[in-house]
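# Remarks on the overall topology
Residues per chain, in single letters:
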Amino acid sequence: HDRGIILAVQRLPGANVISTVQAIRSALPKLMAPLPPTIKVSVISDRTITIRASVADVQRTLLLTIGLVVGVIFIFLRSVWATIIPAIAVPVSIIGTFGVMYMFGYSLDNLSLMGLSIAVGFVVDDAIVMVENIARHLEMGKSPMQSALDGASEIGFTILSMSISLIAVFIPLLLMGGLVGRMFQEFAVTVAAAIAVSAVVSLTLTPMMGARVLRREHPEAQGRLSRGLERGFNAMVSGYDRALIIALKHRFITLMIMLGTVALTVALFINIPKGFFPQQDTGLILGVTEAAEDISPDGMAVLQKQVVELALKNPGVASVGAYIGAGGATSTENQGRIFIALKPHGERASIGNIMRQISTAMHNLVGVRLFMQAVQDVNIGGRLTATQYQYTLSDVDLGELNRWAPIIQAALGKVPEITDLTSDQQSAAPQLLLSIDRQTASRLGITPADIDGVLYDAFGQRPISQLFTSLNQYYVILQVRPDLQFGPAALQRIYVKSQTSGMVPLSELVTLHETVVPLSVNHQGQFPSVTLSFNLKPNESLGTAVAAIRSAVSALGLPPTLQASFQGNAQAFQSSLSSTPILILAALIAVYIILGILYENTIHPLTILSTLPSAGVGALLMLQVAGLGLDVIGIIGIILLIGIVKKKGIMLVDFALHAQRERGLSAEQSIHEACVLRFRPILMTTMCALLGGLPLMLSSGTGSELRKPLGFAMVGGLIVSQALTLFTTPVIYIYMDKLSALFGGARRDVSRSLPAAGEPAE
């Protein structure tokens, strides 16, 4: 390792970080050209490497999702043109979304690309439903043009309902406050734009293409694989039909199962560990070294070199940069900063394992401690601290704060969920006070200013002259010889010039007193403060740690003037956790209002919303099985599920209401027929949405930890909801129909709920 100067470069707000780094790298050769060959310039850490890798991983995930979705469509429809038509909705929707993103000034980043990956799974839903309905009319013997007209008029209102209600799910996200809300506004706008464009495509381009290219295929013209798949699908429909009949005969039991899923959802939500954002492996570790408060800068430099050498010995470390003294997260001379850049993902262990390996090796170093945290893509507020999460104490009385801070730190040290607990309190630095014997000094003609001047000459690096050369200028510094400067004994060698007695030893004029004082006093909101920072132990959630810390502190009985609060990510977690139920409730209310307006009915929107508890159970169970807590990303996944899963309810309820109105069928007959006829498109759309989340769930590239909870929540929710709602929704529909009849006007509501085929929706 070499001594050097570290330049930390940060982009301006609003600047594109990748283009900024490219400009810097382009400028480096010009800046290096005039330097002497002995000066080496190298990049210790480049955050855009991991950003590029993360974006590239999301792009691969996006392409894989498109391939899987198109493959599922082909398997179900078994026709090249029937596959191409809905597949066109994917690139058209994405291109249209790019236009909206450009208009809002968004860029392609982790959140927007994650939104596009998810959107691929359900932007094809509308086109699938349209193509499947046109194909059903073709099988009735109609011409392609007539099939397209009848199919589009019959299913157009359904597609409009699904798209508008799905966009309504994102209204709470768009109105979400704080920095988290601003971040996910981009995600919500991206997905909503993709849905809106896909709805327009499905209502215009898709039926037009269906009328031009779709043809009825005779069974004898189909291949062996196609016929085999058709027999398999028919067998699935027959099996589902038999199971559905049993469920409809035992309605009360089925209703109890649905109510049980509601209770289970609430129980799982209460008990699941909760966090803020997933911990990412970004390939960069930030560390703070800390030694005794009385250490000299030279002594700290020696210890810092030892820490750097130790970190470089780890096989997963690529480079290390370090400095000591005040700057950034360090405010005193007994602290240092260290940047540990890791090798690429495939060439090393996980960042958590490397941090534990370095911490274990640090036990061999005496006199210095190292606190580390993995750099995260998402950090909110808070001051720069040695470890990741902050708990800040503030008081108007500095003495009271200094008394209580160690007590609180000792209590938090016993909390089993946290580790690497440290404090920015530096209140025990040694201080040497000189009390002047004024009578003796006055008798010798020595003033306090004379004593102060001598001390400054000896230890203050006073410039006394300046030398000029042809290339530079140099200051001549007056000071005591360096080997005589250290320790209290140095003062014994200092003499002060007297007006009457020549040179007088300083020890004859002063008395020395050793005390302790703060090296620094931090403030928050103009009041003195102490910040305790900590990391989480492996497999512990932030929610559990926050609850344990609050319990430990409340048991101490703090004085009323001492305020204690979480800061940074921990504070943002608390606010997001408190707003989560409100956010989900707002999404449900928004969907209910939109469905009520579309159907002019206050009862059957509840039937559609009854599909959601099973999705919540599946999402929470899948997160727990995967060892993940419920964090902001998982909550976004659940909100997305609200929009995706209720599509199945819309398809069933829409068809059943239409059958009741047009053919006068009973509620049981109409919903039974709707379930059987809509089974295949429901299965197709569920598989497409599921495969949209599967690559996110299985991804393992750079930054994939941020996307995994979204994938797990969606896949788990869709699997469980597919298994349950195909049986519970018909039963809820029948009960709701009876409830509507009890309040009167049931048939009147049904007659207004849908326009006739070919008529415009009011």
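Residues numbered from 1 in each chain as written. Predicted model: local features only at pLDDT ≥ 70, side-chain atom pairs only at ≥ 80, totals over all residues. Heavy atoms only, no water.

## Some details on the overall build of the chain
Note the threshold: Numbering of helices and strands runs from the N terminus, with a helix taken as a DSSP run of H or I at least four residues long and a strand as a DSSP run of E at least two residues long. Just to be clear, the radius of gyration here is over C-alpha atoms, and the globule rule we use is 2.2 Å times residues to the power 0.38. Only protein chains enter the accessibility calculation, which uses a 1.4 Å probe; a residue whose area is less than 20% of its type maximum is buried, one above 50% is exposed, and one in between is partly exposed. Residue contacts follow a heavy-atom distance rule, with two residues in contact if any of their heavy atoms lie within 4.5 Å. Every accessible area reported is derived by Shrake-Rupley at a probe size of 1.4 Å, with residue values counting cover from the shown protein chains alone. Only four residue types enter the charge count, namely Lys and Arg as positive and Asp and Glu as negative; His and the chain termini do not. Here the site of a charge means NZ on Lys, CZ on Arg, CG on Asp, or CD on Glu.
If you tally the helices and strands in the chain, you get 24 helices and 15 strands. The C-alpha atoms of the chain give 35 Å as radius of gyration, which overshoots the globular expectation for 762 residues (27 Å, by more than 25%). Burial statistics for the chain: of 762 residues in total, 49% are counted as buried. Taking contacts inside the chain between residues at least 6 apart in sequence as the whole, the part at least 24 apart equals 78%. For the chain, the accessible surface area stands at approximately 35400 Å², while carbon and sulfur atoms represent 62% of it. Within the chain, the 49 negative side-chain charges are centred at a point lying 6 Å from the centre of the 53 positive side-chain charges.

## Some details on helix α21 (residues 667–677)
Heads up, the condition is: The directions from the helix axis to the C-beta atoms form the arc being described.
Burial in α21 covers these residues: Ala667, Ser670, Ile671, Ala674 and Cys675. End-on view of α21: buried residues confined to an arc of 130°, all on one side of the axis.

## A closer look at the pattern of salt bridges
Going by this rule: A pairing counts as a salt bridge when a side-chain nitrogen of Lys or Arg comes within 4 Å of a carboxyl oxygen of Asp or Glu.
Under the counting rule described, the total for this entry stands at five salt bridges. The shortest N-O distance in the salt bridge between Arg348 and Asp281 comes to 3.0 Å. Highlighted residues: Arg348 in the loop between β3 (335–342) and α12 (351–361) and Asp281 in the loop between α10 (251–271) and β1 (284–291), separated in sequence by 67 residues. Take Arg348 and Asp281: they sit in the same class, and that class is buried. The salt bridge partner of Arg462 is Asp457, with a shortest N-O separation of 2.4 Å.

## Focus on a nonpolar patch on the surface
Where we set the bar: Residues forming no salt bridge and having over 30% relative accessible area are the ones grouped into patches, like charges within 9 Å of each other and nonpolar side chains (Val, Leu, Ile, Met, Phe, Trp, Tyr) within 5 Å.
There is a patch of nonpolar side chains on the surface, built from Ile5, Leu7, Val9 and Ile24 and spanning about 470 Å² of accessible area. Secondary-structure assignment places Ile5 in the segment before α1 (17–32). Residue Ile5 is classed as exposed on the basis of its relative accessible area, which comes to 80%.

## Observations regarding the packing of aromatic side chains
The condition is simple: Between 30 and 60 degrees the pair is tilted, below 30 it is stacked and above 60 it is edge-to-face, where a pair is any two Phe, Tyr or Trp rings, Trp via its six-membered ring, whose centres lie within 6.5 Å. Whether a charge sits over a ring comes down to the Lys NZ or Arg CZ being within 6 Å of the ring centre and within 35 degrees of the ring normal.
With the rule as written, the count across this model stands at six aromatic pairs. Look at Tyr323 and Phe339: their rings are 6.3 Å apart centre to centre, the planes differ by 40°, and that puts the pair in the tilted class. Taken together, the positions of Tyr323 in strand β2 (residues 317–324) and Phe339 in strand β3 put the pair 16 residues apart, joining distant regions of the chain. One aromatic cluster is present, built from ring pairs that chain together Tyr240, Phe679 and Phe727. The lysine or arginine in question, Lys274, covers the ring of Phe269, its NZ or CZ lying 5.2 Å from the ring centre.

## Thoughts on the side chain of Glu400
Within the fold, Glu400 resides in helix α13 (residues 398–412). Of the side chains with opposite charge, Arg403 comes closest to the buried, unpaired Glu400, at an N-O distance of 4.4 Å. In contact with Glu400, other than residues within four places in its own chain, are Asp395, Pro559 and Thr561.

## Comments concerning the pairing of strand β10 (residues 495–498)
The criterion, for reference: Pairing between strands is defined by DSSP: at least two bridges between them are needed.
Side chains Val496 and Ser498 project from β10 onto a buried face, and the interleaved Tyr495 and Lys497 project onto a face without burial. Pairing of β10 with strand β11 (residues 502–505), which is carried by four bridges, proceeds in the antiparallel orientation. Along β11, the bridge assignment pairs Tyr495 with Pro505. The loop that links β10 with its antiparallel partner β11 comprises three residues.

## Examining the packing of helix α20 (residues 632–663) against α21
This is how the line gets drawn: Here the axes come from fitting lines to C-alpha atoms, over the contacting stretch only for helices, and the angles between their N-to-C directions go from 0 to 180 degrees. The cut-offs work like this: below 35 degrees is roughly parallel, past 145 is roughly antiparallel, 65 to 115 is roughly perpendicular, and the gaps in between are oblique. By convention, the crossing between two helices is left-handed when the near helix turns anticlockwise from the far helix through less than a right angle, and right-handed when the turn is clockwise. Asp, Glu, Lys and Arg are counted as charged, while Ala, Val, Leu, Ile, Met, Phe, Trp, Tyr, Cys and Pro are counted as nonpolar; the rest, among them Gly, fall into the polar class.
For the pair α20 and α21, the least separation of the axes is 8 Å and the interaxial angle reads 130°. Judged on the interaxial angle alone, α21 and α20 are oblique. The two elements α20 and α21 meet at a crossing, and its hand is right-handed. Contact with α20, carried on its side by Leu652, Phe655, Ala656, Ala659, Gln660 and Arg663, involves Ala667, Ser670, Ile671, Glu673, Ala674, Cys675 and Leu677 of α21 and no other residues of that element. Here the contact of α20 with α21 is built from residues that sort into nine nonpolar, two polar and two charged.

## A look at the sheet that holds strand β4 (residues 368–374)
Read across the open sheet, the four strands follow the order β2-β3-β1-β4; overall the sheet is antiparallel. Looking along the sheet, the strands with just one partner apiece sit at the ends: β2 and β4. Recorded for the sheet is a direction-independent mean angle of 20° between the axes of neighbouring strands.

## Digging into the environment of Gln479
Tracing the backbone shows Gln479 in the loop between β9 (473–478) and β10. On a C-alpha basis, the gap between Gln479 and Asp457 in space is 5.7 Å, while along the polypeptide they are 22 residues apart. Among all residues touching Gln479, those that are not within four sequence positions of it are Asp457, Ala458, Gln461 and Gln485.

## So, helix α16 (residues 542–554)
Here is the rule we go by: Multiply 1.5 Å by the residue count of a helix minus one, and that product is the helix's expected span.
With 13 residues, α16 extends 18 Å between its outermost C-alpha atoms, agreeing within 8% with the 18 Å of an ideal straight helix rising 1.5 Å per residue. Within α16 the residues assigned to the buried category are Leu542, Gly543, Ala545, Val546, Ala548, Ile549, Ala552 and Val553.

## A few points about the side chain of Gln425
The cut-off we apply is this: Residues adjacent in sequence count toward polar contacts only when both atoms are side-chain atoms; beyond that, a polar contact is any pair of N or O atoms within 3.5 Å, and within protein one must be able to donate a hydrogen and the other to accept it.
As for its position among the elements, Gln425 is in the loop between β6 (418–423) and β7 (429–436). Using a relative accessible area of 16% as the deciding quantity, one classes Gln425 as buried. Engagement of the side chain of Gln425 in a polar contact is seen with the side chain of Asn402, the distance being 3.0 Å. With residues up to four places along the chain from it excluded, the contact list for Gln425 reads Glu293, Leu401, Asn402, Ala405, Pro406 and Val530.

## Considering the packing of α20 against helix α23 (residues 708–742)
The interhelical angle for the contact between α20 and α23, taken along N-to-C directions, is 30°, at an axis separation of 9 Å. Relative to α23, α20 is oriented roughly parallel. The two elements α20 and α23 meet at a crossing, and its hand is right-handed. Across the contact of α20 with α23, the residue classes break down as 16 nonpolar, eight polar and two charged.

## As for the confidence of the model for the chain
Put simply, the rule is: Scored from 0 to 100, pLDDT records how confident the predictor is in each individual residue.
Summing up the model confidence of the chain, the mean pLDDT is 82 and the portion of residues at 70 or higher is 94%. Throughout residues 745–762 the model reports pLDDT below 50, and contacts reaching past four residues in sequence, or to other chains, amount to 35 contacts.

## Some points on the environment of Phe277
Locating Phe277 in the fold gives a position in the loop between α10 and β1. Once the C-alpha coordinates of Phe277 and Ile118 are considered, the two residues, 159 residues apart in sequence, prove to be 18 Å apart. Sequence-distant contacts of Phe277, that is, excluding residues within four places in its chain, are made with Met183, Phe184, Val378, Asp631, Val632, Ile633 and Leu706.

## So, unusual backbone geometry
For Asp420, which is not a glycine, the phi torsion comes out positive at approximately 55°. Tracing the sequence through the fold places Asp420 in strand β6. Asp420 gets classed as partly exposed once you look at its relative accessible area, which sits at 28%. Phi is positive for Gln461, close to 60°, though the residue is something other than glycine. Position of Gln461 among the secondary structure elements: in the loop between α15 (448–459) and β8 (462–468).

## Some remarks on the nonpolar core
Our working rule: We define the nonpolar core as a collection of buried residues of types Ala, Val, Leu, Ile, Met, Phe, Trp, Tyr and Cys that are connected through side-chain atoms lying within 4.5 Å of one another.
Within the largest apolar cluster, 149 residues are counted, with the highest numbers of intra-cluster contacts made by Phe184, Phe277, Leu412 and Leu710. The leading source of residues in this core is α20, at 18 residues. Leave out the neighbours within four places in its chain, and Leu412 touches Tyr391, Ile418, Leu421, Leu532, Ile549, Ala552 and Val553. Within the second largest apolar cluster, 23 residues are counted, among which are Ala311, Met355, Leu365 and Leu370.

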